Structure formats: structure tokens, C-alpha cells
Amino acid sequence: MSAAAERELVEELLAGKHRALARVISKVEDREPGYRDIVSALHEHTGHADVIGITGSPGAGKSTLVDKLAAHYRDRGETVGVIAVDPSSPYTGGAVLGDRIRMASNVGDMDVFFRSMSARGTLGGLSTATADAVKALDAFGKDRIIIETVGAGQNEVDIVRTADTVVVLVQPGSGDDVQMLKAGILEIGDLFVVNKADMDGASRTVADLEEMLHMERDPTAKLDTGGFDKPDHPDHPDGEKIGGDTDTEEADEAVWEPMVLETIAKSGEGVVELIETLDAHAQWLDETGRREVKARQRYAAEIRQLLRADAADLIDEELDRRGGVEAMAERVQNRDTDPYTAASDVLGAIEDCVEQQRE
Amino acid sequence: MSADTEQRTIRCLVAKVGLDGHDRGAHVIARAFRDAGFEVIYSGLHRAPEEIVQAAVQEDVDVLGISILSGAHNTLVPKVIEGLKEYDAFEDTLILVGGIIPDDDQETLLSEGVAAVFGPGTPMEDTVEFVRENAPER
């Protein structure tokens, strides 16, 4: 694709043409040549949208809830973009993306832009693609962008990092309290929603979640019998105590306490409360300056990710030039060399170049 | 593989339009496309033409497969094509129709912009092959 065509596409997107937005996201997904220029051109127009990440196990009701949220935002006159990520087959790369079926409340409303994406199997690639797709929606002028993804694995955690607010959806009866202890579930959520709250065991799940969150917040709660100085929590290096005796107004503001809500997405029960809490979190982000801090961290991570990818490409080229990694492995196997020497041989040339450039 | 390796995948929308609750065929096709390595978006049942257009445009699909067994294809398919044209999406979308379509109507549909009509008994490989060969270059 030529540079002129790219410029035209960007202009069309900024002018509000749906087709152009859809095409840009495709290019981002395909990693098509020239997609970087497009995302670069879009960047200055971004930073206005509020991004919400929703994650949870398959069947927890994410898509149904997203549908209801989108409808509420539309009622308030806000435009909505949704990116729904579904897994793809590790064998064929194919995928069935079925989240769209649940988007029943926003039929024919083009101001809800719903896009299905598949996890195309590249490590790190998906989170980059999602972040870039969010930028496209942001530049297009969407007020709220919702990212929906399955599970709580590494990939998903990377994806939800793109979001300002992370909602973790839990089904009633999804295991005992030990399940909640598993890494990656409690840490990533700003909000926990027990969906299908009319099912048996919902209140138990709420109680389990609340207990675990409480422990997460203050592991020594009720254990502090005095007699020693409580060490500062490592996550709060500026020394503010969470909960307990120093419960000043300021400390309250600086720490967002994750909370547990109940919804029945299908009937829409609890959705208004969820929206209010989401608004409260958005307001908290703005008031405490956390939104800027998060954004900066995100950009730093993005730069790192891109650099790693580019550096890896550079190294791959150098490897190919030296006869490929297979030949090197054989030499290592024959005890002609060892992995460390082989690696530093390849990198040596690159290091020399960098060294020279610096002077 | 780095984050920048080009990874073009054929995207398909499998759509059920109108008052037609027979989705076995659509499911079988969705599955075959998935196994062929395509990304398949399934519309769900009883969709209006506008919904299909909305989905096709937003998802930027290469292939739109419409499954109709209700006999309303002469009404519904042109509406979908009309909508796609409105969003400049008609030119580079491969439109397929599957289901029970009489021979005379097939000709009409093809002249209106449908790329192929697949009736009952079409081998799955034929459909997949047709998509592979005719998916629009972008």
C-alpha cells in the first residue's frame, strides 16, 4: 500500500468513515506493511476515550454484559467501540468468533462499533494489535471503548493492561476460595462482577471474593496485635498505610479499593450500579492523576515491546546471514562451541555497530 | 515470530437472514471454514439485512456467506448488497449464498453481484477452495 493511500485511509477514518476504521483495524491485525505509519499518524488524535477491559471465563456472560453496557452508554449519548477477543485454533489458526451474537441491544446502531478479533497465536502480537486497534477507535472519536477477552492468562493480562479500568467477571460456583487465590485473577481487577447473580451459590461467590480481596488489601488484618511496627506494603512505597489506623481522607483517595458487584446481565439487573461504579472509577482515575500514570506506563511498555520485536527481527536477519540457527545448534552439539559463545558471536557484530554509532 | 510478521487471515461472516431458523448448514460451514484456517464470525439467527451489513462493514470481512432456506432470497440478498454499497464495502467483499435457491433465481442473484451459489450437497472442499481462490486481494 502506498503512502498516499495510507494518508487517505487515515483521513477517511478521522472524517468518521466506518469502512476506513474497519480497514485500519484489519491492517493492524494483519501486521500489513505500512500499518505502523498509520498508527503513528493516528497517535496524536488519541487519548480521549475511556477504555474498559472486561475479562472472565467462557460463558461468564461477558458479551451479554458488554451489550447491556453499550446500550446504556448509547442512551447517555456516548459512542461506543467494542473489541472482542476470542481464541483461535492452535492447529489451523482458524477461529469462530461468536461474541457478536450477543450484541442484540445495539442492532443497526452504527455508533456502536463492534469488532471481533482472534488471538492469532503470536506471543505479544495480540496485545500490540489490540492496543493499536484501541487507538484506531480512540482516534475515530469513540467515547467508551470496551475490550472483552477470555480468561486470565498472560496474554489476557497484557491485553487488559491496555484498559483504564479492568472488570473481572466471575460466575457463581466457579470453585472455592482457593481458586480466587490463583495468580492473575485478583491482581488485575479494579472491579469484580459476579454475573448470573440469580443462580445458586452467587452470594457464596461474592463472600469468597470479598474475603480474598480483603486479604489482598491488608494481609495482616486482624493479625496486628501490637508490639511491633507493621512494615509498609511493598505496593505502596510512599508509606501510606492501607486501612487500619492511618485512615485519613488522603489515603482513601490514593488507593482504589476493588469492590464486588452483582449483576444479571441477561435481564440487565445491576447494570446501572455497574455503570455508576465504572464512572466512579473513571473519576477517581482523573482526580488522583492515576490515568496519566497508567498511560505513561502503558506507553513505556509499548515502546519496550516494539523495540524487543524489532531487535528480534534484526537478530534473526543476522542469524540467517550466518547460516541460520540450525547450523549453530549442530556446532554446539558437536562441542565445537557453546550456546553462550554462539550468541555473543551473533550479537557482537550488532553491538559493535551500536558502539560506533554512539561515538 | 515477532509481533510484526505479516499474518493475513481470511475473515468470513456466516450470516442467517430473515425468518429462517435452520442453522445446521451455517454451523457446518462455519466449522469447515474454521478448520480451513479462516476466521469466522457467526451472525446468529433471524438477522435483518441491516444487521448483516453492519457486521460485514465493522468486521471488514473478505467473505460474506449468506445462508437462506426460507425462499426469501430475492428480497433479502439485494437489500444486503444495497447496504454494502452504501458503505463502499461491496467491491471487495466476496458474497456467497447457500441454501435452497431455484435455478432461475440463481442467475438473478449472480447478476446482482453474488459470486457463487452453493446448493445442498456441495462438497465442503469445493466451497473452501472457492473462497481460497476468490477471496479479494487487498
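Source: prediction; values computed, not measured.

S.K.: Quick question: what am I supposed to make of the overall build of chain B here?
M.R.: Within chain B, the secondary structure is distributed over five helices and five strands. Mapped in sequence order, the helices and strands of chain B form the string β-α-β-α-β-α-β-α-β-α. Summarising the internal contacts of chain B: among those between residues at least 6 apart in sequence, 72% fall at separations of at least 24. Just so you have it, chain B exposes about 6100 Å², and 50% of that area is on carbon and sulfur atoms.

S.K.: What is the right way to look at the overall build of chain A in this model?
M.R.: For chain A, the helix and strand inventory stands at 13 helices and eight strands. Per-residue burial over chain A gives 48% buried out of 359 residues. Restricting to contacts in chain A with at least 6 residues of sequence separation, those with at least 24 account for 75%.

S.K.: I'm lost on a negative patch on the surface in this one. Help?
M.R.: A contiguous patch of negative charge on the surface is contributed by Asp-198, Glu-269, Glu-273 and Glu-276 of chain A. For Glu-273 of chain A, the location among the structural elements is in helix 10 (residues 271–288).

S.K.: Before we go on, may I ask you to explain empty space enclosed by the protein in this structure?
M.R.: The rolling of a water-molecule-sized probe over the atoms marks out the regions of remaining empty space. Taken as a whole and judged by the stated rule, the model has three cavities of 30 Å³ or more. Lining the largest cavity are 13 residues; nearest its centre among them are Arg-100 and Met-103 of chain A together with Arg-47, Glu-51 and Gln-54 of chain B. Broken down by secondary-structure element, the contributors of at least two residues to the lining of the largest cavity are strand 4 (112–119) of chain A together with helix 2 (49–59) of chain B. Sort the elements by how many residues they give to the lining of the largest cavity and helix 2 of chain B lands first, with five residues. Its residues assigned to classes, the lining of the largest cavity shows six nonpolar, four polar and three charged.

S.K.: Honestly, the packing of helix 10 of chain A against helix 11 (residues 290–321) of chain A in this entry has me stumped. Any pointers?
M.R.: Pairs of packed helices are described in terms of their axes, by the angle between the two and the distance that separates them. Residue and element names in this part refer to chain A. The contact between helix 10 and helix 11 brings their axes to 5 Å, and the two run at 85°. Between helix 10 and helix 11, the angle falls in the class roughly perpendicular. Judged by residue contacts, Ala-282, Trp-284, Leu-285, Asp-286 and Thr-288 of helix 10 engage Arg-290, Arg-291 and Lys-294 from helix 11. When the residues that make up the contact of helix 10 with helix 11 are grouped by side-chain class, the tally is three nonpolar, one polar and four charged.

S.K.: I keep staring at the pattern of salt bridges and nothing clicks. Help me out?
M.R.: All names here are of chain A. If you walk through the whole model with that rule in mind, you get 35 salt bridges over all chains. Ionic pairing is found between Arg-74 and Asp-111, a salt bridge with its closest N-O pair at 3.4 Å. One end of the pair, Arg-74, is in helix 4 (residues 62–75); the other, Asp-111, is in the loop between strand 3 (95–97) and strand 4, with 37 residues separating them in the sequence. Note on Asp-111: relative accessible area 32%, which makes it partly exposed.

S.K.: Any chance you could explain the environment of Met-328 of chain A here in plain terms?
M.R.: Residues and elements named next belong to chain A. Its place among the elements puts Met-328 in helix 12 (residues 324–333). Separated by 15 residues in sequence, Met-328 and Ala-343 place their C-alpha atoms 9.4 Å apart. Leave out the neighbours within four places in its chain, and Met-328 touches Leu-319, Arg-322, Ala-342 and Val-346.

S.K.: Explain the packing of helix 1 (residues 24–35) of chain B against helix 5 (residues 124–134) of chain B here, please?
M.R.: Residues and elements named next belong to chain B. Taken N-terminus to C-terminus, the directions of helix 1 and helix 5 make an angle of 60°; their axes are 10 Å apart at the nearest point. When the axes of helix 1 and helix 5 are compared, the pair comes out oblique. Between helix 1 and helix 5 lies a crossing whose hand is right-handed. Facing Val-28, Ile-29, Ala-32 and Phe-33 of helix 1, the residues of helix 5 in contact are Met-124, Thr-127, Val-128 and Val-131. Class assignment of the residues belonging to the contact of helix 1 with helix 5 gives a composition of seven nonpolar, one polar and no charged.

S.K.: How do you make sense of the confidence of the model for chain A when you look at a structure like this?
M.R.: Any residue range with low pLDDT should be treated as having predicted coordinates unsuitable for detailed reading. On average, residues of chain A carry a pLDDT of 83, and 82% of them reach 70 or more. Segment residues 239–252 of chain A is flagged for pLDDT under 50; beyond a separation of four residues in sequence, or across chains, it makes 15 contacts in the model.

S.K.: Is there a simple way to explain the nonpolar core in this structure?
M.R.: Soluble globular proteins: nonpolar side chains tend toward being buried together. Counting residues in each nonpolar core, the largest one holds 45 residues, and the members touching the most others are Leu-13, Leu-21 and Leu-42 of chain A. Sort the elements by how many residues they give to this core and helix 5 (residues 125–140) of chain A lands first, with seven residues. The residues that make up this core include at least three from each of domain 1 (1–45) and domain 2 (47–222 + 250–288) of chain A. With sequence-adjacent residues up to four places away left out, Leu-42 of chain A is seen in contact with Val-10, Leu-13, Leu-14, Val-24, Ala-136 and Ala-139 of chain A. Counting 29 residues, the second-largest nonpolar core is a separate cluster that includes Leu-64, Ile-81, Val-97 and Val-117 of chain B.

S.K.: How should the interface of chain A and chain B be read in this particular structure?
M.R.: For interface size, the figure often reported is the accessible area lost on association. Taken together, the 39 residues of chain A in the interface contact 36 residues of chain B. Summing the contributions of chain A and of chain B, the shared interface buries around 3300 Å²; its carbon and sulfur component is 47%. Considering only the side of chain A, the residues that lose the most area to chain B are Arg-19, Arg-100 and Met-110 of chain A, jointly responsible for 21% of the buried surface there. Here chain A and chain B share eight salt bridges between them. A salt bridge links Asp-92 of chain B to Arg-19 of chain A, with the shortest nitrogen-to-oxygen separation between them at 2.7 Å. Taken together, the links from chain A to chain B amount to 20 residue pairs in polar contact (both at pLDDT 80 or more). No other element matches the seven residues that helix 2 (residues 18–30) of chain A contributes to the side of chain A that touches chain B. Sheet analysis places strand 3 of chain A next to strand 2 (residues 39–42) of chain B, joined by three bridges and oriented parallel.

Reading the values: rules and limits
- Residues numbered from 1 in each chain as written.
- Chains lettered and ligands numbered in written order.
- Predicted model: local features only at pLDDT ≥ 70, side-chain atom pairs only at ≥ 80, totals over all residues.
- Heavy atoms only, no water.
- Helix = DSSP H or I, 4+ residues; strand = E, 2+ residues; numbered from the N terminus.
- Contact = heavy atoms within 4.5 Å.
- Areas by Shrake-Rupley, 256 points an atom, 1.4 Å probe, with all protein chains shown as cover.
- Buried < 20%, exposed > 50% of the residue type's maximum accessible area, 1.4 Å probe, protein only.
- Patch = residues over 30% accessible without salt bridge, like charges linked within 9 Å, V, L, I, M, F, W, Y side chains within 5 Å.
- Salt bridge = Lys/Arg side-chain N within 4 Å of Asp/Glu carboxyl O.
- Lys, Arg positive; Asp, Glu negative; His and termini not counted.
- Charge placed at Lys NZ, Arg CZ, Asp CG, Glu CD.
- 1 Å grid on protein atoms, 1.4 Å probe; cavity = no way out; pocket = protein on both sides within 12 Å on 5 of 7 lines; lining within 4 Å.
- Points joined across faces, edges and corners; volume = space filled by probe spheres on them.
- Nonpolar A, V, L, I, M, F, W, Y, C, P; charged D, E, K, R; others polar.
- Axes fitted to C-alpha atoms, helices over the stretch in contact; angles between N-to-C directions.
- Parallel < 35°, antiparallel > 145°, perpendicular 65-115°, else oblique.
- Left-handed = near helix turned anticlockwise from the far one by under 90°.
- pLDDT = per-residue confidence, 0-100.
- Core = buried A, V, L, I, M, F, W, Y, C linked by side-chain atoms within 4.5 Å.
- Domains from an automatic or database assignment.
- Buried area = accessible area lost by both parts, 1.4 Å probe.
- Polar contact = N/O pair within 3.5 Å; in protein donor to acceptor, adjacent residues only side chain to side chain.
- Pairing = 2+ DSSP bridges.

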